[in-house]
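Per-entry structural report
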Amino acid sequence: MADYHWPPADHRALIGKRIKRIDGPQKSSGRAKYSYDINRPGMLWGKMATSDHAHAKITKIDTSDAEKMPGVKGVVIIVPEGQEVLWVGQEIVAVAADSEERAEEAADAIKIEYAPLPYLVADADPQTAGSQYSKQLEQHVTGNPDQGFQQADVTSEGHYGVPVITHCCLESHGQVTEWNGDNLTVWESTQNVSGMAGEYTGGLAEQGIKIPANNIHVIMQHVGGGFGSKFAADTWGIACAQLAKKTGRPVKMMLERDQELMVAGCRPSMHARVKVGAKRDGTLVAWDSESWGTGGVNDAGTPTFPYVFQVPNARTKHTAILTNIGPARSWRAPDHPQMALISNGAMEDLAAKLNMDPLDFMLKNMNIVQPERVKTYQDEFTIASNLIDWKSKWHPRGQGGSGPVRRGLGLSLHTWGGRGNLSNCQVVIHPDGSVETNIGSQDLGTGTRTVINIVTAETLGLPLDAVKVNLGDNKYPPAGASGGSTTVSGVSTSTRMAATGALNELLAKVAPSLGVSADQLEAWNGKIQVKGDPLKSITWKQACAKLGTASITGTGRTNNALMSSGVGGVQMSEVEVDVETGVVRMVKHVAVQDCGLIIDVKTAESQVLGACIMGVCYALYEEKIMDQPTGRCLNPNMEFYKLAGIGDIGDIVVHMMTGPGYDERGTIGLGEPPVISPGAAISNAVANAIGVRVPELPLTPDRVLAALGKAGKEGGMA
């Protein structure tokens, strides 16, 4: 019988190769349909009236003028009178009209009165936030930090910070909802196809609409970005379904860009004052940090410092600052980019005080990282340093040139988990030889369809075009939400199990005609053959014809034996900084990453490339700017919420760790780890170029010039 374990390297036709996305032609031609592209007969448009206040009690809502307007078909109140709103842009009333313009006009016509309450939108530290907004301090101590600093020959102290940024999905949040009696169909922009029905069941139950989850059909073939922000139905999803129920017509409600940036989630900020100490030879001995940050109205969680390194004597304090900026949501590797910037920045500053190459400093302290990651990091640093030519280009701080444009190098390392999620899969082999793989997962653009296609085809010994992949529909076997870098590993293993099960049934049918037992057969190169003897074979179609009129269905679930968790990665950046203008320009960025067995090298590299581009964005440009006097976000648009353009990212080089020592671990998630290090590596490269630390991201010209000016006044290097 066929073995479900991953095939050895010398018996893989597709796994580990460079294979183009199977949905590439659809996307590049514009034929791919996103939630925004869904238009149903008789469809209405939904829009929302939102809060003008960062914190207030609603005293009156008057929808009468809106309800009288031409084309308006329904109104639903989301936050009733007497309740509080907690940020500017919070959703209060939803309306549905027969055109998008009329729905917008009706939302504007709704009159809402408020009793204002105190608020905080500034990214304040615990001393200025006030007890009303800061949460209880969390403190952790390892070893004896005071004694550790006494043992240190050199100490470094600094301030480091990362601001609030938004997810900035190209396709905004939203959905189309349509009722057919007691059945609801939702075309949702989501990372959670299989779990979305439960979201609607619970949300609608709170509004008095009782509907079982199996009456809700969720469909999403393509999504224009999620990055951790699209797991829930959200208030607008529930309101959209309510409006469709109330009006008896389908309703489309997609957030406007300003709403998307204000209310659809943000990555929490993190700031810290850090003191770190080492022996003269670079051995880390002590760490002390006081950190804080805001997740808006949510607690953003407690960071782990120092990041990756387990310093023997460490004291950490963290305070969550609650603010009225809207809710935080998971953003690609939650908390890790922030922790990496603060930790790697502090480490590189200490290396500079030791007059030590930071690469040598990192390698010196490999004994205090997770033991199973040590060799990985060592090998990755060797590869990365060769790719960026570290040894010939690196120089001590501030020696990046004598003219106005200075060059510098910086590095960072990171880690992540990435164990696959719970996934169910169904592989169907039809008598005509066609094959379908059905799975209730979603492709966020990372190549999930392609990976499922590869695993099915590899298992059955078929070319890619012999397999049809069906996903993006909750009527297929359920699969987990796409978060935590869990999808590819989860669906790969369940697909492997389902395809192997279906194949074994087929082998049992075919074995008598080849005069051998089923365990002596294999599927290879479009045939069912005796193992190692292609002359004793029949074609795939001939084999399937023996099924008669009945198809074979194999089912599979995520299998822990085919996957693992825990990865390490390193990145290095080369930048140019104009000390007269403060402009930072990316020259080269190298990312070296492991993720266990790679199913498709091309899409794996693509995930890393995309992560590095996002990293350049948050390192140099992105920041959600809040105005304390008004409580408003000042840049909820694509003009002033800055992102990198194609000319801003420099040369990105990706190297995937694969082959012996990595493949044996099975599949591990990849989406998040490579987005962790860019901010730290780029910040360190700027410090190396100009001789001073720019303490806060993004590294905008004003911040670079301010750091240079401060260093000049204090007699530092510039």
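The preceding data block contains the structure.
Residues numbered from 1 in each chain as written. Predicted model: local features only at pLDDT ≥ 70, side-chain atom pairs only at ≥ 80, totals over all residues. Heavy atoms only, no water.

As for its placement among the helices and strands, E188 is situated in strand 11 (residues 183–188). One buried charge, E188, has no salt-bridge partner; the nearest side chain with opposite charge is K230, at 8.5 Å. (Helix = DSSP H or I, 4+ residues; strand = E, 2+ residues; numbered from the N terminus. Buried < 20%, exposed > 50% of the residue type's maximum accessible area, 1.4 Å probe, protein only. Lys, Arg positive; Asp, Glu negative; His and termini not counted. Salt bridge = Lys/Arg side-chain N within 4 Å of Asp/Glu carboxyl O.)

Another point: the nonpolar core. Core analysis: the largest hydrophobic core is formed by 96 residues, its most contacted members being L284, W287, F309, F381, L413 and I690. The element contributing the most residues to this core is helix 16 (residues 601–620), with 11 residues. Judged by nonpolar contacts, the second largest core, of 44 residues, contains I452, V455, V530 and L597. (Core = buried A, V, L, I, M, F, W, Y, C linked by side-chain atoms within 4.5 Å.)

Under the counting rule described, the total for this entry stands at 3 aromatic pairs. Summarising the aromatic geometry, the rings of W331 and Y618 are spaced 5.8 Å apart at their centres and angled 85 degrees between planes, so their arrangement reads as edge-to-face. Taken together, the residues W331 in the loop between strand 17 (314–321) and helix 9 (336–353) and Y618 in helix 16 connect sequence positions 287 residues apart. Pair check on accessibility: W331 and Y618 agree, each one buried. One Lys or Arg, R267, reaches over the ring of W331 and ends 4.8 Å from the middle of that ring. For the cation-ring pair, K275 lies above F149, with the distance from its terminal atom to the ring centre recorded as 4.5 Å. (Phe/Tyr/Trp six-rings, centres within 6.5 Å; stacked < 30°, edge-to-face > 60°. Lys NZ or Arg CZ within 6 Å of the ring centre and 35° of its normal.)

Taken together, the 3 strands give an open sheet; going across it, the order is 4-2-6, and neighbouring strands pair in antiparallel fashion. Each edge of the open sheet is held by one strand with a lone partner, namely strand 4 (84–85) and strand 6 (111–116). One ladder, built from 2 bridges, connects strand 2 (residues 56–62) with strand 4; its direction is antiparallel. Looking across to strand 4, one finds that A56 is bridged to V85. (Pairing = 2+ DSSP bridges.)

Among the secondary structure elements, M254 is positioned in strand 13 (residues 251–254). Judged by its relative accessible area of 4%, M254 is buried. A sequence separation of 66 residues divides M254 from E188, and the C-alpha atoms of the two residues are 9.8 Å apart. Not counting the four nearest positions on each side in its chain, M254 is found in contact with S35, Y36, K47, E171, S172, H173, G174 and Q175. (Contact = heavy atoms within 4.5 Å.)

Okay, the layout of surface pockets next. By volume, the second largest pocket is sized at about 680 Å³. Along the wall of the second largest pocket there are 30 residues; nearest its centre are D349, R397, G691, V692 and R693. Among the elements of the structure, strand 8 (154–162), helix 9 and helix 18 (701–713) are those that each provide at least two residues to the lining of the second largest pocket. Residues that form the lining of the second largest pocket fall into these classes: 13 nonpolar, 8 polar and 9 charged. (1 Å grid on protein atoms, 1.4 Å probe; cavity = no way out; pocket = protein on both sides within 12 Å on 5 of 7 lines; lining within 4 Å. Points joined across faces, edges and corners; volume = space filled by probe spheres on them. Nonpolar A, V, L, I, M, F, W, Y, C, P; charged D, E, K, R; others polar.)

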